[in-house]
Structures are given as C-alpha cells and as structure tokens.
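Below, each chain spelled out in residue letters.
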Amino acid sequence: MTSQPNASDEPTARADEQRDETPADAGETGPADGTDAAGDEPEIVDGRTIEHLLTDHERDIASTAEGTDATAAKRPSLDLPRLELGRRDFMKAGAAVGAMSGLAGCTSILADEDDDSGGAAGSGEHSVAPGEHDENYGFLSGGHTGEIRVVGLPSMRELMRIPVFQTESARGYGHDAKSSRMLEEEGDGHVWGDTHHPRVSQTDNDYDGRWLFVNDKANGRMARVDLEYFETDAITNVPNCQGVHGACMQLPDTQLVFGVGEFRVPMPNDGRDVQSPDEYGSVITAIDPETMDVEWQVEVDGNMDNGDGGKEGRWFFATGYNSEEGTTEGEMARSDRDYVKAFDIPAIWDAVESGQYEEISGVPVVDGTKDSPLNEGDRPIVRYVATPKSPHGVSVTPNGKYAIASGKLDPSCTVIDIEAIAEVDDPQDAIVGQPRIGMGPLHTAYDGRGHAYTTTFIDSEVVKWDYEAAVESEAGSEEPVVDRHDVHYNPGHLIAAESYTASPQGDYLVSLNKLSKDRFLPVGPIHPENDQLFHIGDDDAGMQLVKDKPSYPEPHDASIVHKDKIDPAKTWDPDDYELEYVAEGEESFERVDESTVEIEMWARRNEYAFPEVTLREGDEVRLKISNIETTSDVIHSIAIPEYDINLALAPQDTREVTFAADQPGVFWAYCAYFCSALHLEMRSRILVEPSA
C-alpha cells in the first residue's frame, strides 16, 4: 500500500553542496503534473530551495527575534536573497521556529516603510454600541482548551464558551451524570482535547443553525454541539485512527460528517505491527450526524491533513502529506510531491453495501489506497491528485466549481476543477490553475465575489486573489493577486463570513494569527494569540484592518454565521431532555434500601425544596434537581464542594448526579451563581450521620 511519488533514495539535501549542483536561475513553480521534469522541482533561489534558505536562518531568527522595533536596528541583517525581506518587517512579523517542518519567521513584502498604519480602518463604522447586538456569531475552536468560543462580529466580544472535551465548572459540564458519562465513555481515559475545526450544519448549502461539529485532533474524537442550547450533546470516539484533524460535512444537507484522520497507526492499534510502518494506515471516517455512529472508513496512502466537501454531495477532498509513509522528518521529506485525495462518496457507499470492505474494530474499512482494486477501472473510489509538497488546507469555492489546496511548503495554491475530476483519465488534468500567492500559504476563504483569501504563514499576510483569473493565468503567475495585507503575526487559519456556504456574506474576515509578540501588554512567557478582524466588503478600498483581539491559546479554525440563522433558546424546554422535570410540590426524598437514597428537588431564587437533608455515612445518593424559574438568565446551581459536586442549572433545566456520602459531618449545599439579593442565604444543610 506504500506509494512514493517522485521519491528519491536520499533524504532531502541540507548541505551547502546543493548550491553548486543547482543552477541559480532554476525555474519557478510549475504545474503539478506528477512528472520528474525540472519544472516540478522545488523553487530555487541563488542555488538553494526556499525551504533550505529559511531553515539555515532558523538559529539566527531564534537568537534575534525577541523584542520590538525599538531594538531591531541593533540586530544583524537576515535579508534573504530575492525574497524582498526588509529587516524591520521581518522582525515585526516575528519568528515561528520549527512550526513548519523547519520553516521559520515571517515577512511583510508589501509593507510601506514609512507607514505604520497597516491599512487599519476606522473602528467607528464597525463598532457595536453597548446594549446593541452583533450581526454575526463567530464560533472559534479553543485548541487544547478543548472548547468552542463564541464571539460576536464585528465587535469581537466573547459571548460564551462551550466546553466540549474537558470538564468545566462554570457550566457544570462533566459534573452532572449525562455529561460526565459522555466524557468518560467516549473519552478513552483522556481528560483534555484539542478542538480545531468547528463546522455548522447546513441545509441546501446554507447554515441551518441546528448543530456544530468539531474534532479532537489529539485524541481522535468528534463532537456535536446543539445550537439551540449551545451545549455539547454527543461525542464519538473514532476507532482505527490517532488524531482526527479535519472536521467537515457532506453537502448540501449535512448527510455525513467527516473526520480526517492524520497519524498513521496499525489497525487495530492493539500492539500488532508496531515495528512495521508499512502496515500503518490513516483513514477518513464518515459519521451519521443524527446518531453520531461511524458508518464507514476509507484507508488511504500517506497521512491526511485538512478537508472540505463539494457542494453537490459527490466529492470530499482531503489534503495529504508524507506520501513516502516515513516515520521521521527526513523520511517524510524525500519527495517533492504529495496528494489531494478526492473521495467519491457514492462509489464508497456502493463498495460498503456490496461488502467490499474489511471490518476492523467493528467498522467497515474500505481500501482506498492507490493500489486497491477499488481504484481500478472507470470509477475509482479515491482519486489522488499530485500537488507540490505537503499541501495544508483545502476548501471548495462557493460556486462549487473548484477545490483549492494551499501549498504550505510551496508558494502556490492548486486550483482543481471538481467537475473535471470524474472526466479525466489522469487526475493531474483536473488541475486548472496554480497562482503564486506567497511564502507559506496555509488556508483559503471566500467572499462570494470571486475572490479567495489565503493566509501566508511565512510572509505574515492575508492575500486576496481572483480564482477565475488564476484559471486563466499561467502556472506560477502573480497576476491573479488583487491585494495583500500584513497580519500580526504568522497566520494559520482564516475565515470569512459564511465562507463555507454557497453564499458568503463578503463583509468580514478574521485572521487567526499564531503569534502576537508586541501587540498587547506582556503577560509572561506564554503570549496570547491574535485574532484580527478585517472588513473586506469594499473591493475599491481593499482589505481594512478593524481590530485586534487577544485570544487564549490556541484557536485554529472558525465559522461565522449570520445571527438570523441561529435561534438559541432562552430557557430549557423540559421536553428536550430525558430526565423528568421536578416541579414545585413534586419534590421527594426516598430511601430505596438501607444504603440508597433518591432525592428529587427544585431550586428557585433564595431557596431549595429541602432546607435540610439527613443521610447516613455510606449512602449512595442519586440527586435530581430542576431550576423552576421561568425568567431567562436566572441561573442557579447546587454546589457541594466536599463531594466535588457543582451542577449549573439554567431556567427549566434539570440535572442529575450520583455520589457516595462517605464523609460524616455537616455540609452546606449552596447556589454558586449570584441570583438575587438573598443569594448568600440560598442553601441546604446536608447532615451525614456517622455509621454505627
């Protein structure tokens, strides 16, 4: 199953001897046609590849990247030949040592040395007055906090945090029976997660406001958030993979949720084949959005990275790297090409339904590797489209015509004609454009007016370009580029308003930057990241920087949804959960047997149903409690710290917890949310009598 396109028998050269072996005027990036022609080799600058030049400067960058512009003039020059890197802009952009497989630092190649404004727009027209509402919801991943962060746009005010893969006390997540059981059963012993790609469900290629799905890159899980209550309601532990990186959907109607598996492991990973990397595999996973059950998986060659779905329901795309299937950096860097994988979803279903799969860990796993019999004939289930080395993000244009992969280690983006994929004999013939964007292109978003916006990690820019012009231009041309704007610093993902739908709003864009360096007050060695808001609604004025927002590490991707497409509840509807609501007058205390007690009670401003509860040491206590308030935003809780209990209760909500009364004594249960003037008096005395 191992495939090595254009593989060399030797690791990528690191020594200076390559300067003498390669002409200084080696050509620019050429079409990704999968051949060994000279035009397919990495770009050469003064006899060395861009990657090697940047790698050589890594030590210099690390030793001189501290501080701000005030000390920049004292440092030695790190100018790189033919890359137009000004000393001031280079240091302004900061350094990201080791963050891109040896690529480091960043530049701003179009900055005006005499203009420090950065093209910032006046904040007045993009501000939201106190008491006024934003036009959009922004759903940002929380990275290794394991949460989703909800902000309003354009204000960038943080509205809420939704815990997903970790316990969180303010909302009682992981403390009540349902959420703690969900974390335990689908957590596989993990107490943290790494959220990356929040995607909102769609109907007819437009956001429907029903669900949000997000992956756990660290631990191979997928979660679903109910957007009526802004609460995680399901988690799936994905088998046969380590690290679900991408989280995307089959469109137009969210028929499936896809988890893009990154790390290659034996399947099942139970101790077999640990010394046989050729037997490792990575899989894409299809999940039913209603049940959150895994429907099937497809094994592919190499590692996978990010993904996106076509608009018509047939194709799903995933970028890939390590086509060499190596286990070290040197082994992974031999080839100068990797692949975008195009998955034919109906063809995969046909294979599953006809029994052409192997069941592994209880899941149908279809062989989608290059040498698979299912990839022979006129309807292969996976088409491998060769691109420059290690593409990172891939996204489908709003009109559904193109899938655009960002080069990461190559300064180009690859434009793939989706309709042509099924028609051409050679998948390379579906590549219709490869514009030169800049150094380190990572992710691309859209404005609905034919423009793509791509982050360049090394250049520290957002680059605006015309993707139809890219189709008309020669490969490697910069003519499709319309505008560039500095960001601060080293952007990863970006998102434009409703970019993942067929009809983006085209007014705002957020660049999620990995470094903030000198943009905020210092807070110690670990800096906040920097989410920068741009107004992109005026093509004549160009991209306008509106504001910076410090962000706790580490957001990755985001989705922006217009407020009219989300309809959050103001109070809970008891019909929407399984527990029986406890109304006033229905409270009860029952000793089921000698060591089991069941308590059903309610809470309202200033009081609980039972001002006092008497238990025996050793009792198992099942406590159910409802907030009987009907007014929105009157939150109660019941906290019993000695028993590690903290349940948060929104109006009309009901929660349940079981605990062992294994400590004799007097324990006060109290409301941890400030709910009224008599908040401090809202308590219940719990008496645990010692055993005989």
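Because the structure is predicted, anything quoted here is derived from the model rather than measured.

Criteria and cut-off values
In this convention, every chain numbers its residues from 1, walking through the sequence in written order. Only residues with pLDDT of at least 70 get local features here, since the model is predicted, and only at 80 or more are side-chain atom pairs given and counted; chain-wide, interface and lining totals rely on the full set of residues. Calculated side-chain values reflect all of the structure's heavy atoms, with hydrogen atoms and water omitted. Only runs of H or I of at least four residues qualify as helices and only runs of E of at least two qualify as strands under DSSP, and these elements are numbered from the N terminus. Each residue gets one of three labels from its accessible area relative to the maximum for its type: buried under 20%, exposed over 50%, partly exposed in between, using a 1.4 Å probe on protein chains only. Pairs of residues are marked as contacts when any of their non-hydrogen atoms sit within 4.5 Å. To measure how exposed things are, a 1.4 Å probe is used in the Shrake-Rupley method; for residues, cover is taken only from the protein chains shown. By the criterion applied in these results, polar contacts are pairs of N or O atoms within 3.5 Å in which, for protein atoms, one can donate a hydrogen and the other can accept it, and in which residues neighboring in sequence qualify only through two side-chain atoms. Whether two strands pair comes down to DSSP finding at least two bridges between them. To define axes, lines are fitted to C-alpha atoms, for helices over the stretch in contact only, and angles between the resulting N-to-C directions are given on a 0 to 180 degree scale. Residues belong to one nonpolar core when they are buried, are Ala, Val, Leu, Ile, Met, Phe, Trp, Tyr or Cys, and are joined through side-chain atoms within 4.5 Å. Think of a patch as exposed residues, more than 30% relative accessible area, with no salt bridge, where like charges cluster within 9 Å and nonpolar side chains (Val, Leu, Ile, Met, Phe, Trp, Tyr) cluster within 5 Å. Whenever Lys or Arg places a side-chain nitrogen within 4 Å of a carboxyl oxygen from Asp or Glu, that contact is recorded as a salt bridge. Lys and Arg are tallied as positive, Asp and Glu as negative. Neither His nor the chain termini are counted. By convention, the charge on Lys lies at NZ, on Arg at CZ, on Asp at CG and on Glu at CD. pLDDT measures the predictor's confidence residue by residue and takes values from 0 up to 100. Directions drawn from the helix axis to the C-beta atoms are what define this arc. The aromatic pairing rule takes the rings of Phe, Tyr and Trp, using the six-membered ring of Trp, and pairs them if the centres are within 6.5 Å, calling planes under 30 degrees apart stacked, those over 60 edge-to-face and the rest tilted.

**Things to note about the overall build of the chain**
Here is step 1 of the chain: Along the backbone of the chain there are ten helices and 42 strands.
Here is step 2 of the chain: Within the chain, the proportion of its 692 residues that are buried is 58%.
Here is step 3 of the chain: Within the chain, residue pairs in contact and separated by at least 24 positions form 60% of the contacts whose partners lie at least 6 positions apart.
Here is step 4 of the chain: A total of about 27,800 Å² of accessible surface is found on the chain, and carbon and sulfur atoms cover 46% of it.

**Things to note about helix α6 (residues 177–187)**
Here is step 1 of the chain: Along α6, the residues that are buried comprise Ala177, Ser179, Met182, Leu183 and Gly187.
Here is step 2 of the chain: Along its buried surface, α6 packs onto β8 (221–226), β9 (231–237) and β40 (654–661).
Here is step 3 of the chain: At the N-terminal boundary of α6, the capping side chain belongs to aspartate 176, with an oxygen 3.3 Å from the backbone nitrogen of lysine 178.
Here is step 4 of the chain: Two residues or fewer past α6, aspartate 188 is found with a positive phi of approximately 55°.

**Quick notes on the sheet that holds strand β11 (residues 257–263)**
Here is step 1 of the chain: Taken in spatial order, the six strands make up an open sheet running β10-β11-β12-β13-β18-β17, and their pairing is mixed. The sheet is open, and its two edges are formed by β10 (242–249) and β17 (358–360), each paired on a single side. The mean angle between the axes of side-by-side strands here comes to 30°, regardless of whether they run parallel or antiparallel.
Here is step 2 of the chain: Here helix α8 (residues 345–353) sits on the sheet and contacts β11, β13 (294–300) and β18 (363–367); the angle it forms with β13, its principal contact strand, is near 105°.

**Quick word on the environment of aspartate 633**
Here is step 1 of the chain: Following the sequence through the fold, aspartate 633 ends up in the loop between β37 (619–627) and β38 (636–640).
Here is step 2 of the chain: Counting along the chain gives 17 residues from aspartate 633 to alanine 650, while the straight-line C-alpha distance between them is 7.2 Å.

**A short note on the nonpolar core**
Here is step 1 of the chain: Counting 35 residues, the largest nonpolar core has Phe139, Leu212, Leu227, Phe230 and Val510 as the members making the most contacts within it.
Here is step 2 of the chain: Elements with a minimum of two residues in this core: β3 (136–141), β4 (147–153), α6, β7 (206–216), β8, β29 (508–513) and β32 (558–562).
Here is step 3 of the chain: No other element matches the four residues that β4 contributes to this core.
Here is step 4 of the chain: The next biggest cluster of nonpolar side chains, apart from the first, holds 31 residues, and it includes Ile599, Val613, Val621 and Ile638.

**Describing a negative patch on the surface**
Here is step 1 of the chain: Residues Glu228, Asp567, Asp573, Asp575 and Asp576 make up a contiguous surface patch of negative charge.
Here is step 2 of the chain: Along the chain, the position of aspartate 576 falls in the loop between β32 and β33 (588–593).
Here is step 3 of the chain: Judged by relative accessible area, which is 41%, aspartate 576 ranks as partly exposed.

**Digging into the confidence of the model for the chain**
Here is step 1 of the chain: Mean pLDDT over the chain stands at 86; residues scoring 70 or higher make up 82%.
Here is step 2 of the chain: Between residues 1–42, whose pLDDT stays under 50, and residues either more than four places distant or in other chains, the model counts 101 contacts.
Here is step 3 of the chain: Confidence over residues 56–118 falls short of pLDDT 50; this stretch has 133 contacts with residues more than four positions distant or in other chains.

**A short note on the environment of phenylalanine 263**
Here is step 1 of the chain: Structurally, phenylalanine 263 is set in strand β11.
Here is step 2 of the chain: With 19 residues separating them along the chain, phenylalanine 263 and valine 244 place their C-alpha atoms 8.3 Å apart.
Here is step 3 of the chain: Non-local contacts of phenylalanine 263, meaning those with residues more than four positions away in its chain, are made with Lys217, Gln242, Gly243, Gly281, Ser282 and Asn303.

**Quick look at the pairing of β33**
Here is step 1 of the chain: Bridging between β33 and strand β34 (residues 596–604) involves five bridges; their strand directions are antiparallel. Looking across to β34, one finds that aspartate 593 is bridged to threonine 596.
Here is step 2 of the chain: Following β33, the chain reverses through two residues before pairing antiparallel with β34.

**Quick notes on the sheet that holds β9**
Here is step 1 of the chain: A sheet is described by the order of its strands in space; here four strands give the open sequence β6-β7-β8-β9, paired in antiparallel fashion. A single partner strand is all that each edge strand has here, and the edge strands are β6 (199–203) and β9. Averaged over all neighbouring strand pairs, the angle between strand axes comes to 30°, with direction disregarded.
Here is step 2 of the chain: Inspection of the sheet shows β6 paired to β7 by four bridges, in the antiparallel sense.

**Overview of the environment of proline 346**
Here is step 1 of the chain: Topologically, proline 346 is positioned in helix α8.
Here is step 2 of the chain: Classification of proline 346 by relative accessible area gives partly exposed; the value is 32%.
Here is step 3 of the chain: Separated by 33 residues in the primary sequence, proline 346 and glycine 313 have C-alpha atoms spaced 8.6 Å apart.

**Some details on α8**
Since the α-helix turns once every 3.6 residues, residues separated by three or four places project in the same direction.
Here is step 1 of the chain: Within α8, the full set of buried residues consists of Ile345, Ala347, Ile348, Ala351 and Val352. Viewed along the axis of α8, the buried residues span an arc of 160°, placing them on a single side of the element.
Here is step 2 of the chain: In the core, the buried residues of α8 are packed alongside β11, β13, β15 (315–321), β16 (337–344) and β18.
Here is step 3 of the chain: Two residues or fewer after α8 comes glycine 355, characterised by a positive phi angle close to 80°.

**A word on the pattern of salt bridges**
Here is step 1 of the chain: Applying the stated criterion across every chain, the model contains 38 salt bridges.
Here is step 2 of the chain: The salt bridge partner of arginine 622 is glutamate 598, with a shortest N-O separation of 2.3 Å. With a gap of 24 residues between them, arginine 622 in strand β37 and glutamate 598 in strand β34 connect regions that are remote in the sequence.
Here is step 3 of the chain: If you follow the salt bridges from partner to partner, you end up with Glu147, Arg149, Glu158 and Arg161 in one network.

**Some thoughts on the packing of aromatic side chains**
Here is step 1 of the chain: Inspection of the entire model under this criterion finds 15 aromatic pairs.
Here is step 2 of the chain: Residues phenylalanine 258 and tryptophan 296 carry aromatic rings whose centres are separated by 6.1 Å and whose planes lie at 50° to one another, so their mutual orientation is tilted. Of this pair, phenylalanine 258 sits in strand β11 while tryptophan 296 sits in strand β13, and the two are 38 residues apart along the sequence. Both residues of the pair, phenylalanine 258 and tryptophan 296, belong to the buried class.
Here is step 3 of the chain: A ring pair is formed by tyrosine 402 and tyrosine 467, whose centres lie 6.0 Å apart and whose planes are at 70°; its orientation type is edge-to-face. Residue tyrosine 402 is located in strand β21 (residues 402–406), and its partner tyrosine 467 is located in helix α10 (residues 467–472); the two are separated by 65 residues in the primary sequence. Residues tyrosine 402 and tyrosine 467 agree in their burial class; the two are buried.
Here is step 4 of the chain: An aromatic cluster of at least three residues, connected via ring pairs, comprises Phe258, Trp296, Phe316, Phe343 and Trp349.

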